[in-house]
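Each chain, letter by letter, is given below.
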Amino acid sequence: MGGSQVESYDTHYTGVPLWDIGRPQLAMRELAEAGAFRGRALDIGCGTGEVALMAAALGLPAVGIDSAPTAIETARRKARERGLEVRFQVGNALEIGDLDEQFDTVLDSALFHAFSRPERIQYAAGLATVMPPGARLFLLCLSDRHQAGRGPRREAQGGIRALRVNQDDIRATFADGWRVDSIESATLENTRDAAGAPAWLATITRT
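Our subject in this report is the structure included herewith.

1. Observations concerning unusual backbone geometry
Piece 1. Despite not being glycine, Asp-100 shows a phi value in the positive range, around 55°.
Piece 2. Structurally, Asp-100 can be placed in the loop between strand 3 (86-90) and strand 4 (105-109).
Piece 3. A residue is classified by how much of its surface remains accessible, and Asp-100, at 72% relative accessible area, is exposed.
Piece 4. Notably, Ala-110 is not glycine yet its phi reads approximately 80°, a positive angle.
Piece 5. You can see Ala-110 is positioned in the loop between strand 4 and helix 5 (117-130).

2. Here's the deal with the pairing of strand 2 (residues 62-66)
Piece 1. When you tally the buried positions in strand 2, you get 5 out of 5 residues, the bulk of the element.
Piece 2. Here strand 2 shows no split at all, with Ala-62, Gly-64 and Asp-66 on one side and Val-63 and Ile-65 on the other all buried.
Piece 3. Bridge count between strand 1 (residues 41-44) and strand 2: 4 bridges; the pairing is parallel. For Leu-42, the partnering residue across the bridge sits in strand 2 and is Val-63.
Piece 4. Taken together, strand 1, helix 3 (residues 50-57) and strand 2 form a β-α-β motif whose crossover is right-handed.
Piece 5. Relative to strand 3, strand 2 is paired through 5 bridges, and the arrangement is parallel. Looking at the pairing, Ile-65 lines up with Gln-89 of strand 3.
Piece 6. Since strand 2 and strand 3 lie parallel, the crossover through helix 4 (residues 69-82) that links them has a hand, and here it is right-handed.

3. Regarding the pattern of salt bridges
Piece 1. All told, the structure shown has 11 salt bridges when counted by the stated rule.
Piece 2. Taking the shortest distance from any N to any O, the salt bridge between Glu-189 and Arg-23 comes out at 2.9 Å. Taken as a pair, Glu-189 in the loop between strand 8 (178-188) and strand 9 (197-206) and Arg-23 in the loop between helix 1 (3-12) and helix 2 (26-33) lie far apart in primary sequence, 166 residues in all.
Piece 3. Residue class for Arg-23 comes out partly exposed when judged on its relative accessible area of 39%.
Piece 4. Residue Asp-169 is joined to Arg-117 by a salt bridge in which the shortest nitrogen-to-oxygen separation is 3.7 Å. On the criterion of sequence distance, the pair formed by Asp-169 in helix 6 (residues 167-173) and Arg-117 in helix 5 is long-range, its members being 52 residues apart.
Piece 5. Classification of Arg-117 by relative accessible area gives partly exposed; the value is 45%.
Piece 6. Several salt bridges share partner residues, and in doing so they unite Arg-23, Arg-29 and Glu-189 into one network.

Reading the values: the criteria
Residues numbered from 1 in each chain as written. Predicted model: local features only at pLDDT ≥ 70, side-chain atom pairs only at ≥ 80, totals over all residues. Heavy atoms only, no water. Helix = DSSP H or I, 4+ residues; strand = E, 2+ residues; numbered from the N terminus. Buried < 20%, exposed > 50% of the residue type's maximum accessible area, 1.4 Å probe, protein only. Pairing = 2+ DSSP bridges. Right-handed = clockwise from strand over helix to strand, strands pointing away. Salt bridge = Lys/Arg side-chain N within 4 Å of Asp/Glu carboxyl O.

As C-alpha cells, then:
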C-alpha cells in the first residue's frame, strides 16, 4: 500500500473502523472451531489482532502484521491483557516477503478486497515466498453479490479503497502455484449492518 493509503487506514483507528467488530469474523471462528488452523499462523492485515489472538489461544505460534501503527498498538495491548503470546508488527502486506519466515496457515480477514488487480498479483507473489507447499490461505473478502446501491463500489470511500470481488478474481489471482480448494458464500460482519455484508470465504493451498 502506498503512504496515503497507510495513513488513511491508521486515521480510521482513532475511532472504531467499520470492520473492527471486536471479535474474529464468524467465518474465521468456524474455521478455528473445525480445526482448520495448524502450525505457524500469520494474520495478514490483522487490524487490532482478533484473528491472530484466536490462533494463539489455540496454542499456535502466531504473528500479526498491519500497516496501521495505531491498530498494532491496540493488538499488543490486547495480547498483554489476555496473557497471549503474539508478535504484532507494523508491515506492508504487499511486501510480506520481507518477513523472511515461513507459515503453515495464513489468515486474510477482510484485506484482499482493498487491493487493485495488479496489487492482488503482487500480494499473491509475496505470500508464495512465506508459504511452503501444503500451506493454506484462508481468505475472507467482500463479494460482488451486494444489492445495487449498497456496499463498497469500485472507487475510494472515505480514503479507503474497497472493491467488490467475484470468484473469477480470486481464481485468477491464485492461478499459478496455488490450488483453490473452495470458494463459499459467507458474511462479513461490520459495525453498520446488523446482517453483515455478502462475502466469499476461499480456502487456497500453496502447491
